[in-house]
Amino acid sequence: MTPPAPPRPPAPWQVVVALPIPALDFAAPHGYGGAVPLGCRVLVPWRGDLAVGLVVSEGEGGAGTHRLREAVHILDDEEGPWVPPATVRAVTAWAQDARLPAGLVWGDLLGVGWEADLDHRVRAVAGADLGAFGARAPTRAWADAAAFAPGLLDAVREQGLLEEAFRPRPRTRPVVRARPLAEVPAGARRVTVLRAAPQAPATLTPKGRVAWSWLAQHGPQPTLSAWARGAGVGAGVVSGVLNAGGAGYALEDAPPPPAWTWLREVGPAESLSAWAAGASADGVALTPTMAGTLAARGWADTVPVPASPPALPAPEAAWTTPDPDRLPEAPAWRLHGGRPLGRFRTLAPRVLRLLAEERGVLVLAPDHATLRRAWEGLSGLATAAGTRAVQVSGALSGVEREHSWQLIRSGGAGLVVGSYLALTAPLPDLALVVVLEEGSDAYKLQSGSRAFVPDVAARVAAAHGAELALVGGAPAAESVPLPGAVLPPPRARVHVVDYANPPEQPELGPLSGVHLTPGDLGYPISHDLARLLRQVQERGRQAALLAPRRGYSALLRCPSCEHTPGCRNCDVPLRFHQTTRQLTCHQCGYHESVPDRCEQCGERMWKARGPGTEWIAAEVAKLAPGLPVYRCDRDRQDDLAPLHAGESGVVVGTQLLLSGQAPPNLALIGVTLADTWLNVSDFRASERYHRLLRQLAEWHPERAPLIVVQTFQAEHPALRVMVEGKDALAYPAAEERARQALGYPPHARLAQVEVAARDAGKAQVAAQDIFDALHGAGATAGEVLGPAPSPVARLRGVYPYHLLLRARDDARLAQLLGSLDRPWKARVRVDVNPRGGL
DNA sequence: AGCACGCCGACT
DNA sequence: GTCGGCGTGCTC
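All values reported here derive from a predicted model rather than from experimental measurement. (Residues numbered from 1 in each chain as written. Chains lettered and ligands numbered in written order. Predicted model: local features only at pLDDT ≥ 70, side-chain atom pairs only at ≥ 80, totals over all residues. Heavy atoms only, no water.)

Considerations on the overall build of chain A
Moving on, step 1. If you tally the helices and strands in chain A, you get 22 helices and 34 strands.
Moving on, step 2. Evaluated residue by residue, chain A yields a buried proportion of 49% over its 838 residues.
Moving on, step 3. Contacts spanning at least 24 positions in sequence make up 71% of the contacts within chain A whose residues lie at least 6 apart.
Moving on, step 4. Total accessible area on chain A is roughly 39,000 Å²; 53% of this is exposed by carbon and sulfur atoms.
Moving on, step 5. If you average the places of the 84 positive and of the 82 negative side-chain charges in chain A, the two averages end up 4 Å apart. (Helix = DSSP H or I, 4+ residues; strand = E, 2+ residues; numbered from the N terminus. Buried < 20%, exposed > 50% of the residue type's maximum accessible area, 1.4 Å probe, protein only. Contact = heavy atoms within 4.5 Å. Areas by Shrake-Rupley, 256 points an atom, 1.4 Å probe, with all protein chains shown as cover. Lys, Arg positive; Asp, Glu negative; His and termini not counted. Charge placed at Lys NZ, Arg CZ, Asp CG, Glu CD.)

As for the protein's contact with DNA strand C
Moving on, step 1. Near DNA strand C you find nine residues, and of these Ile-21, Asp-25, Phe-26, Arg-47 and Arg-69 are the closest.
Moving on, step 2. Counting only atoms of DNA strand C within 4 Å of the protein, the sugar-phosphate share comes to 40%.
Moving on, step 3. A distance of 2.9 Å is found between a base oxygen of DNA strand C and a side-chain nitrogen or oxygen belonging to Arg-47.
Moving on, step 4. No other element matches the three residues that strand β2 (residues 24–26) contributes to the surface near DNA strand C.
Moving on, step 5. Tallied by class, residues from the surface near DNA strand C come to five nonpolar, one polar and three charged. (Near = heavy atom within 4 Å. Polar contact = N/O pair within 3.5 Å; in protein donor to acceptor, adjacent residues only side chain to side chain. Nonpolar A, V, L, I, M, F, W, Y, C, P; charged D, E, K, R; others polar.)

Some words on the pattern of salt bridges
Moving on, step 1. Using the criterion set out here, one finds 52 salt bridges in the structure.
Moving on, step 2. For Glu-163, the salt bridge goes to Arg-140, with nearest N and O atoms at 3.5 Å. Here the residue Glu-163 occupies a position in strand β8 (residues 162–168), and Arg-140 occupies one in the loop between β6 (118–124) and β7 (143–144), the gap between them amounting to 23 residues.
Moving on, step 3. Between Arg-353 and Glu-357 there is a salt bridge; the shortest N-O distance is 3.5 Å.
Moving on, step 4. You can call Glu-357 partly exposed: its relative accessible area is 45%. (Salt bridge = Lys/Arg side-chain N within 4 Å of Asp/Glu carboxyl O.)

As for the sheet that holds strand β20 (residues 493–498)
Two strands in a sheet stick together by hydrogen bonds in their backbones, pointing the same way (parallel) or opposite ways (antiparallel).
Moving on, step 1. Strand order in this open sheet of six strands is β20-β30-β29-β21-β28-β27, and the pairing throughout is parallel. With partners counted over all chains shown, the strands left at the sheet margins are β20 and β27 (629–632), one partner each. Going across the sheet, the axis of each strand differs from the next one's by a mean of 20°, ignoring polarity.
Moving on, step 2. The pairing of strand β21 (residues 542–546) with strand β29 (residues 666–671) spans five bridges and is classified as parallel. By the bridge assignment, Gln-542 is partnered in β29 with Leu-666. (Pairing = 2+ DSSP bridges. Axes fitted to C-alpha atoms, helices over the stretch in contact; angles between N-to-C directions.)

Looking at the packing of aromatic side chains
Moving on, step 1. All chains considered together, the criterion is met by six aromatic pairs.
Moving on, step 2. Arranged with centres 5.4 Å apart and planes meeting at 35°, the rings of Tyr-499 and Phe-712 form a pair that is tilted. In this pair, Tyr-499 is assigned in the loop between β20 and α15 (527–538) and Phe-712 in the loop between β30 (706–711) and α19 (717–723), connecting sequence segments 213 residues apart.
Moving on, step 3. Under the relative-accessibility criterion, Tyr-499 is labelled buried at 4%.
Moving on, step 4. Residue classification places Phe-712 among the partly exposed positions, given a relative accessible area of 37%.
Moving on, step 5. Where Phe-683 meets Tyr-744, the ring centres are 4.1 Å apart and the plane angle is 5°; that geometry is what we call stacked. (Phe/Tyr/Trp six-rings, centres within 6.5 Å; stacked < 30°, edge-to-face > 60°.)

Some remarks on the protein's contact with DNA strand B
Moving on, step 1. For DNA strand B, the full set of nearby residues is Leu-19, Pro-20, Ile-21 and Arg-47.
Moving on, step 2. Residues that form the surface near DNA strand B fall into these classes: three nonpolar, no polar and one charged.

Topic: the nonpolar core
Moving on, step 1. Counting 113 residues, the largest nonpolar core has Trp-106, Leu-347 and Leu-364 as its most contacted members.
Moving on, step 2. The residues contacting Leu-364, other than those within four sequence positions of it, are Gly-418, Ser-419, Ala-422, Leu-423, Val-433, Val-434, Val-435, Leu-436, Tyr-443, Val-453 and Ala-457. (Core = buried A, V, L, I, M, F, W, Y, C linked by side-chain atoms within 4.5 Å.)

A closer look at the UniProt feature "binding site: Zn(2+) 1" (unreviewed entry) in chain A
Moving on, step 1. UniProt records the feature "binding site: Zn(2+) 1" (unreviewed entry) for Cys-558, Cys-561, Cys-598 and Cys-601 in the present numbering. Over a stretch of 44 residues, the named residues converge on one spot in the fold, their C-alpha atoms separated by at most 8.6 Å.
Moving on, step 2. Along the polypeptide, Cys-561 turns up in the loop between β22 (553–557) and β23 (575–577).
Moving on, step 3. For Cys-561, a relative accessible area of 28% puts it in the partly exposed group.
Moving on, step 4. In this structure Cys-561 touches Cys-598, Gln-600 and Cys-601, once residues within four positions along its chain are discounted.
Moving on, step 5. Here Cys-598 shows up in the loop between β25 (591–593) and β26 (607–611).
Moving on, step 6. If sequence neighbours within four positions are ignored, Cys-598 has contacts with Cys-558, Cys-561, His-563, Glu-603 and Trp-606. (UniProt positions renumbered as here; feature names shortened; annotations may be inferred.)

Observations regarding the environment of Ala-124
Moving on, step 1. Summarising the element assignment, Ala-124 is placed in strand β6.
Moving on, step 2. The class for Ala-124 is buried, based on a relative accessible area of 3%.
Moving on, step 3. Separated by 537 residues in the primary sequence, Ala-124 and Gln-661 have C-alpha atoms spaced 62 Å apart.
Moving on, step 4. Excluding residues that lie within four positions of it along the chain, Ala-124 makes contacts with Leu-130, Pro-138, Thr-139, Arg-140, Leu-161 and Glu-163.

Considerations on the sheet that holds strand β31 (residues 749–757)
Moving on, step 1. Judged by pairing direction, the sheet is antiparallel, and its four strands sit side by side in the order β32-β33-β31-β34 without closing on themselves. Bordering the open sheet on either side are β32 (784–789) and β34 (827–832), each of which pairs with just one other strand. Taking the axes of each pair of neighbouring strands and ignoring which way they run, one obtains an average angle of 15° across the sheet.
Moving on, step 2. Where β32 and strand β33 (residues 799–807) come together, four bridges link them in antiparallel fashion. Each residue of the ladder has a partner; that of Leu-785, found in β33, is Leu-804.

Focus: the side chain of Arg-123
Moving on, step 1. Tracing the backbone through its elements, the reader meets Arg-123 in strand β6.
Moving on, step 2. Those residues in contact with Arg-123, other than ones at most four positions away along the chain, are Pro-138, Thr-139, Arg-140, Ala-141, Trp-142, Leu-161, Leu-162 and Glu-163.

As for helix α1 (residues 85–97)
Moving on, step 1. Helix length check: α1, at 13 residues, gives a terminal C-alpha distance of 18 Å against a target of 18 Å (1.5 Å per residue), a fit within 8%.
Moving on, step 2. Regarding α1, the residues found buried are Ala-86, Thr-87, Val-88, Ala-90, Val-91, Thr-92, Trp-94 and Ala-95.
Moving on, step 3. Buried residues along α1 sit against β4 (49–58), α2 (102–109) and α14 (453–464).
Moving on, step 4. Phi for Arg-99, located one or two positions after α1, is positive at around 55°. (Expected span 1.5 Å × (residues − 1).)

Remarks on the packing of helix α6 (residues 224–231) against helix α7 (residues 235–243)
Moving on, step 1. Relative orientation of the contacting elements α6 and α7 amounts to 115°, with a least axis distance of 9 Å. When the interaxial angle is binned, α6 and α7 end up roughly perpendicular. The element α6 and its partner α7 pack so that their crossing is right-handed. Residue-level contacts link Leu-224, Trp-227 and Ala-228 of α6 to Ala-235, Val-238, Val-241 and Leu-242 of α7. (Parallel < 35°, antiparallel > 145°, perpendicular 65-115°, else oblique. Left-handed = near helix turned anticlockwise from the far one by under 90°.)

Quick notes on the side chain of Glu-698
Moving on, step 1. Turning to its location among the elements, Glu-698 is positioned in the loop between α18 (685–697) and β30.
Moving on, step 2. Given the relative accessible area of 9%, Glu-698 is considered buried.
Moving on, step 3. Apart from residues no more than four positions distant in its own chain, Glu-698 is found in contact with Gly-338, Arg-339, Pro-340, Arg-343, Glu-437, Gly-473 and Pro-490.

Examining unusual backbone geometry
A negative phi angle characterises most non-glycine residues, just as the trans form characterises most peptide bonds.
Moving on, step 1. Of note, the amide linkage connecting Pro-745 to Pro-746 takes the cis form, showing an omega dihedral of 5°.
Moving on, step 2. For Pro-746, the position within the fold is in the loop between α20 (730–742) and β31.
Moving on, step 3. A positive phi angle, near 50°, is found at Arg-47, a position not held by glycine.
Moving on, step 4. Structurally, Arg-47 is set in the loop between β3 (41–46) and β4.
Moving on, step 5. Unusually for a residue other than glycine, Arg-450 sits at a positive phi of about 50°.
Moving on, step 6. Position of Arg-450 among the secondary structure elements: in the loop between β17 (430–436) and α14.
Moving on, step 7. Under the relative-accessibility criterion, Arg-450 is labelled buried at 15%.

A few points about the environment of Pro-174
Moving on, step 1. Tracing the backbone through its elements, the reader meets Pro-174 in strand β9 (residues 172–178).
Moving on, step 2. Sequence-wise, Pro-174 and Thr-302 are 128 residues apart; in three dimensions their C-alpha atoms are separated by 6.0 Å.
Moving on, step 3. Excluding residues that lie within four positions of it along the chain, Pro-174 makes contacts with Glu-270, Thr-302, Val-303 and Pro-304.

Pasting the structure below:
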């Protein structure tokens, strides 16, 4: 008979907080006997206070060098985990492979639930003497925790002498309301006024007498200057009357300000600025500053009101007779081509079937425009299947997102359409993850983790045993090898203006034969495009011109010495903005006015190079006078309402233009300089260019506007497939084969290691150390490229060096990254599956 | 990320 | 003598 094993202490938990640090171990709360609450949020002691954390795994245990603190409270127990355990495992494993601190990744990917609004009460445990903690320590009576210093509570807690009770508080949102008149401080309701004395003093001058009788007749005035202005005398006269006793200050009831009356009648406002905007719209003048002043004086205050569920656009009606399901049956598959509506229609039967089986479907969109279209195209399916659709995205407020999250978790919503913030949504039985436009760079998170959302989505889907569907206008080269379906391309008419091979020109001037410049075809707007713009004007139609950049020009150049003004913080040229006469860094935002003269040679003239939206818009105004020109870029977003109402005009914009709806009468789309999309040192540049052309072709939901592409590379295959009417797979398939030859994704997995320090030499040495460490760990010459100074040699004052790791698969990449897992003498960041600027 | 600790230069 | 720069390290 073996003696019974002594009771094992419960396993510690690994908990992440939303900070860029690894998960930390905590002991289970005192007396907790259940399993590790994977995916639940917990309150943990943190820096003398409490913080919300997420339980991501069972802790290592045993090897603990210090006594673990106990988690204080489990936030999600009865209603189930906040994040499904399978999702927790997938995301945490991805973070581990990418050598990223778990907290950094979770902070990025979990956008809901890091703040807990709790009713928190405390008391001393029975028999505890808290006298040593001072007079302001908890007693046996329950009391609000807010009454004690957090640090003191933590000390009592650590001693195990604190009993705590938590209750969720209903979520509220703050609104600005008009204070009841009785509550407005008397000081705000009464004003000081100048009032005429009953009798004019005898000593008054003639002008003083005039001023006195004016005041006596017109009633009290708020200020001396108002009195003087009204009486038509100087400021000296009225103060003379005041000093002589002909007038005095008095307190008087003020009428409530009109803005207060407005707020009382219309109802609470969401914010001070909303109050100002609302009142102004109704003709009650109120600036945000004035609103703030009124609130400070006590006319309005901010009160919490219960939060209401998010107002979502109503789901669109689903197709009454869904098409048969022709989609592949595979763990991962793709669907591309056609138009967005056609793709959603093809997707519908599969989504409908899964929803009807009460399983969960998650649809991820890279940007707001795609999200909106997906909602319009798919949300109705939820209603048809007897469930609900919800959104989770940054467009919703925190409280609204929490509402969506709770609804999903309770099984009340089977279809989730959202941004990357929806990736970890607690769908009870996830069956399908749809990643829309999987090649979009917008999926690359710019924040700390630099996660590429489709990568993580694939791991989440796999962990749930759910299907992964990649759906969009054109597949990424990475998707090509998957089984899939391609819809016929939308009708597209593409006209190419070939700047590299201008046709013979019959009328050449005296300089003919010296050199042929793009100017011969018309630059930056070709004669062809100009002619088409005038046609658009004559026929009352609409056009859109896509310029490669905002601002007036790419850069200024000195005509005599070729010097280009650059940014002080970053090694990039400053962009020239005509209207503000400013040079701006599009990297860090630094700006200065245009220098009078070249700092190298003293030349006073500048030459603009590389047309931006501002320049193109000015050019259109010249070439088609009278045609309304609108602009749409990050700097300036004109009101496009007249265009959407069908009026004739042309809109000049950057790619931002495509995130809006196409104008209804769109007949012409011009790409003013297509080469800009290709002249990027990034192996994905041509794929991106192809995707842009496909986006242009499907921008208008029904029409096929003429697309004019001005380029020096008229024979580029990404463009040729469009001209020849090939399908959406043709170019990516060719690209995928080319990537095989070059050893690029999908035939390799890349990671960029960024080594940065304020001192360039330090960064270089550290980069070399890392290079040596990788080779020491068995990396081959083909697997480590670099180190090289970053293409932008200096960014915001730091000097980054880059190493590129190229592994055959995820496992090998994780292995290589493993040898970076120790401290270096510079800041080291890993970017798995980097995009842009390679 | 914050925040404390710690080590060296310019000032009341 | 202190004030304050930001380099380094820690958060269970």
